[in-house]
Amino acid sequence: QPFETSCGCIAGLTGPACDMFALPMDIALVIDPLVPGKRVVKPAKSAAGRRASLSRGGHGTHIASSTVGRAFEMGGASAAPPAGVYDGIASGSQLAFFDMGESSSVYLTPPESLYADLLARVYDKAGARVLLNPWTCEDTMWWQKQDRAFDAGAAVAKDRKMNIDPSICNRYTTSSWEVDDFVAQHQDMLVVFPAGDNGDGFTTVSAPGTCKNCITVGTTQGWPDDLAAATKHLRRQCLPADCPVYVDKTDTCAAVNFTSPHALPACCAEKYSWDGQYYAPDTLHATSARGYGVSSQAPSDDRGRSAYPQSPALAFQRFKPEVVAPGVNVVAGRSDGDTSINSHGTRGCRCCTEAGGALDHSCLAALSGSSVASAKVAALAAVVRQYFEGGFYPAGVSEFSPIHAPSAALVKAVLIASGDPMASISLVGGGGLDISSLTTPNRFVGFGQVHILNILKVKRAPGFGEIEIAPAKTDCSCTGNNTFLVNSPARRARFGEHFGTSCKPWMAGTNASTFPAQKCDRMFAATPRARPAPAGSFFVRDFDATCCQSFCLVDASCPSAQKWAEFPDLHYSFDICQDDRKTLETCEWRDLKQTRDIRTVAFDHIITDYGNTTDENTGEILPDGAPTAFENSVDAKKLSIAPGESFSYLLRIERATLVQPLVVTLVYTDPAGAPGASEVLVNDLDLSVQLTELEASPGGNTTIASLQPKDNTSLLVWGNGVQGGDRYNNAERVIVTDAKASIISVSVIARKVVVGMAGSPCQTFALVISGALDLQVFGVNPPVLTVS
């Protein structure tokens, strides 16, 4: 709905805060500001170090709008929104936020008890089930290095000495323990933390993100031209240190200018495309903290002090961060920075229209860091929750199945299952490190970059993924004139003799035999997004199926003419050309993942009693583990596992390939250990997948349901690649990329369950299985569950 004069803001929140989100979103405060109206304080005078980035310089506004915001065209909130370019991922969600800053302090001041004063309040008062915490322990460490003495009242830990010890941030702290304890007792609450920005080393993930029942997020980059384009939205000019060593630093980058718009030194944008390798979407950013996380440490007293020194008990064997997401130059809403409740945004030039300014970029800001990356994952977690609560599971259509409120473990399992591998890591000193040969999970990126469309099926329009050939328009003709391209030896060598003169797929490598090198990824290696592309194309990858579509050069007067970004004097049209079906079907840049049929089953083993099932002798309700008949179905809600049990699901797959691998993911919410305990993990569930190849009987039916197991073809794969079971992680995944039609047995083994959940002796868990599953899994042959 368009914004109205009164947004209906909650009492105590007025003025510019009202025009942040479109109805029907709710903004709910879960604590009152210490000083009415003073929800944001002006930054203190900058000092050496990192204080400027710790100030309230729009970080909260950016995070909130990146998660749930809706962007509107410049010129007024009632204008039609753009095509979602700057919308938050969960742009229809409700938002509750918790003010962790004292108005009298420039520092972030997390509450003394995260359990009582943060987690419980957002859970009970706001009804939140996804909690994003875009802060880490490492921020508090920087406070020590400023020119102001440390304020004990702002401490995260109880002991001031712990805040001085630089090793506190990568330990399993009391804050980490509180998060785990809360989630164990509120198993539908997913807590998200950034990994931190103290990367370029190992075991640098910061508490409280070292918790085991949360999900911790590292930072990846993006497409170089997108990163460069976002520089115009930077809230302040970049510094010389922001430019890689390969870029000429003669430009002056140091002058800070908060006006908008403002000029940027060339290096701020040019650094993203110096050779096309330093920055890429499958690259972990240099600053992203990485693993491993603490698996054991010295036992501590009630104040946690003895846990931090180096000791033989200290070990790092847990995968942290679990996932990564884009977090460099992410564009979202910009705060006006004005704390006056009566300014209505004009002094800070929000959109500049009321302030008399030009329609520039002042409503947007580009920020970077793991907190920005974690905001994306938190928003995706909200989408995953809606998928189950809205009955989208498993068909991708709303109200297809009964409503199911998923556990945090199930949401986390979907996010982890969706992870794509990464190719490289950028280094602080320049250059990069190739990690493409590493399996996941690994200490750099955990289970990979979140991509939920790998796992969750969404109903597409009829024929989605099929090649459709649109009829060519006849409103103009090809000019046949490419003189500008061929009159330069360099351009002639690059494009060939006849490029663009007639309707052909010129970028698909089908040029004349005298010019065999004219291919999309060669001609436009330096400027992939500047290549000719059909109007309205949305680039998910630099090179895609649009490289194989037919086009030609036309006059600027042609109704369907598009200006060539690299050569503005030239125009082209795709609309007047008929595509070649064979070229499109065999296009080497076609993304086959987007055409596959997503088939996923998800099981939330959260029931800890049988309800009406009672003991025949005592009349008491039986706990999990008592003999019972299990219903075989794809329904999400299942029973939890008892000590010593093994749950096995039996189902069939058509194949496993690189495009559509078999992915099996186990996540369980582990009980919090005794305060001060040495070992982080309490219970131990293990995941294994056994595949047995299928074959047809001589003269028999070849449908997958009729195939029989083939002798001596079994393969056993353990979660996280750890033979015999992973003893340190409560998230495990198996990926198989090369298998024929097979019957698979997915087993969850209760190796050790010493503390039960929800008052029972049993352990809850979530299991997600995705791949080319036999379609009958969703019908007459559902997965068969056996308990032993």
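Residues numbered from 1 in each chain as written. Predicted model: local features only at pLDDT ≥ 70, side-chain atom pairs only at ≥ 80, totals over all residues. Heavy atoms only, no water.

Engineer: Explanation requested: the pairing of strand 23 (residues 684-695) in the structure shown.
Structural biologist: Consecutive side chains of a regular strand alternate in pointing toward one face of the sheet and then the other. Here strand 23 lies mainly inside the structure; 9 of its 12 residues are buried. Judged from the 10 bridges that link them, strand 23 and strand 26 (residues 742-752) form a sheet pairing that is antiparallel. Paired with L691 across the strands is I744, a residue of strand 26. Across 7 bridges, strand 23 lies against strand 24 (residues 708-718) in antiparallel orientation. Each residue of the ladder has a partner; that of L694, found in strand 24, is P709. (Buried < 20%, exposed > 50% of the residue type's maximum accessible area, 1.4 Å probe, protein only. Helix = DSSP H or I, 4+ residues; strand = E, 2+ residues; numbered from the N terminus. Pairing = 2+ DSSP bridges.)

Engineer: For this particular structure, what's the right way to read the state of the cysteines?
Structural biologist: Defined simply, a disulfide is a covalent bond joining two cysteines at their sulfur atoms. For the structure on display, the rule yields 6 disulfides. Paired through a disulfide, C478 and C552 show a sulfur-sulfur distance of 2.1 Å. Judged by the sign of its S-S torsion, about -90°, the bond between C478 and C552 is left-handed. Here the residue C478 occupies a position in the loop between strand 13 (432-434) and helix 11 (483-486), and C552 occupies one in strand 14 (residues 552-554), the gap between them amounting to 74 residues. Of the residues examined, C552 reaches a relative accessible area of 0% and is grouped as buried. What pairs with C520 in a disulfide is C547, and their sulfur atoms sit 2.1 Å apart. Of note, the bridge from C520 to C547 carries an S-S torsion of about -50° and is left-handed in sense. One end of the pair, C520, is in helix 13 (residues 520-523); the other, C547, is in the loop between helix 13 and strand 14, with 27 residues separating them in the sequence. Here C547 falls in the buried class, since its relative accessible area comes to 0%. (Disulfide = S-S within 2.5 Å.)

Engineer: Would you mind going over the sheet that holds strand 25 (residues 731-736) with me for this structure?
Structural biologist: Strand pairs in the sheet, formed through backbone hydrogen bonds, run parallel or antiparallel to each other. Pairing is mixed across the open sheet formed by 5 strands, whose spatial order is 20-17-27-22-25. Across the chains shown, the open sheet's two edge strands, defined by having one partner strand only, are strand 20 (637-639) and strand 25. Adjacent strand axes in the sheet meet at a mean angle of 20° when their direction is disregarded. For strand 22 (residues 662-667) and strand 25, the ladder comprises 6 bridges, and the chain directions are antiparallel. Directly across from V667, in strand 25, lies its bridge partner A731. (Axes fitted to C-alpha atoms, helices over the stretch in contact; angles between N-to-C directions.)

Engineer: Would you take a moment to explain the environment of P709 for this structure?
Structural biologist: Summarising the element assignment, P709 is placed in strand 24. In this structure, the C-alpha to C-alpha distance between P709 and E695, residues 14 residues apart in sequence, is 6.3 Å. Discounting chain neighbours no more than four positions away, the residues touching P709 are T692, E693 and L694. (Contact = heavy atoms within 4.5 Å.)

Engineer: Would you take a moment to explain unusual backbone geometry for this structure?
Structural biologist: Comment: phi is negative for the bulk of residues other than glycine, and the bulk of peptide bonds are trans. Across the junction of A207 and P208, the peptide omega takes the value 0°, indicating a cis bond. The amide bond that connects G291 to the next residue, Y292, takes the cis arrangement and shows omega of 10°. One can find Y292 in the loop between strand 6 (283-284) and strand 7 (293-296). One non-glycine residue, N329, adopts positive backbone phi at about 50°. Examined against the element boundaries, N329 turns out to sit in the loop between strand 9 (323-326) and strand 10 (330-333). Look at A758: it is not a glycine, yet its phi comes out positive at around 55°.

Engineer: What's the story with the pairing of strand 4 (residues 190-194) in this structure? I'm lost.
Structural biologist: Along strand 4, 5 of the 5 residues are buried, which leaves the element largely enclosed by surrounding structure. Neither face of strand 4 is left uncovered, since the one carrying L190, V192 and P194 and the one carrying V191 and F193 both have all their residues buried. Taken together, the 3 bridges between strand 4 and strand 5 (residues 215-220) define a ladder with parallel strand orientation. Within strand 5, the position partnered with F193 by the bridge is T216.

Engineer: How should the packing of helix 3 (residues 114-124) against helix 6 (residues 174-185) be read in this particular structure?
Structural biologist: Pairs of packed helices are described in terms of their axes, by the angle between the two and the distance that separates them. Between helix 3 and helix 6, the shortest axis-to-axis distance is 10 Å and the interhelical angle comes to 40°. You can see that helix 3 and helix 6 cross each other, and the crossing is right-handed. The residues of helix 6 that touch helix 3, namely those facing L114, Y115, L119, A120 and Y123, are S175, E178, V179, D181, F182 and Q185. (Left-handed = near helix turned anticlockwise from the far one by under 90°.)

Engineer: Is there a simple way to think about the nonpolar core in this case?
Structural biologist: A general tendency of soluble globular proteins is for nonpolar side chains to be buried together. L415, L662, L685, V746, F765, L767 and I769 are the most contacted members of the largest nonpolar core, which has 74 residues in total. Considering each element in turn, this core owes the most residues, 10 residues, to helix 9 (residues 370-389). Beyond its immediate stretch of four places on either side in the chain, L662 contacts I653, A656, V689, L691, V734, I735, V736, I744, I769, S770, G771 and L773. Core analysis: the next-biggest nonpolar cluster, separate from the first, contains 22 residues, W506, M507, F543 and W589 among them. (Core = buried A, V, L, I, M, F, W, Y, C linked by side-chain atoms within 4.5 Å.)

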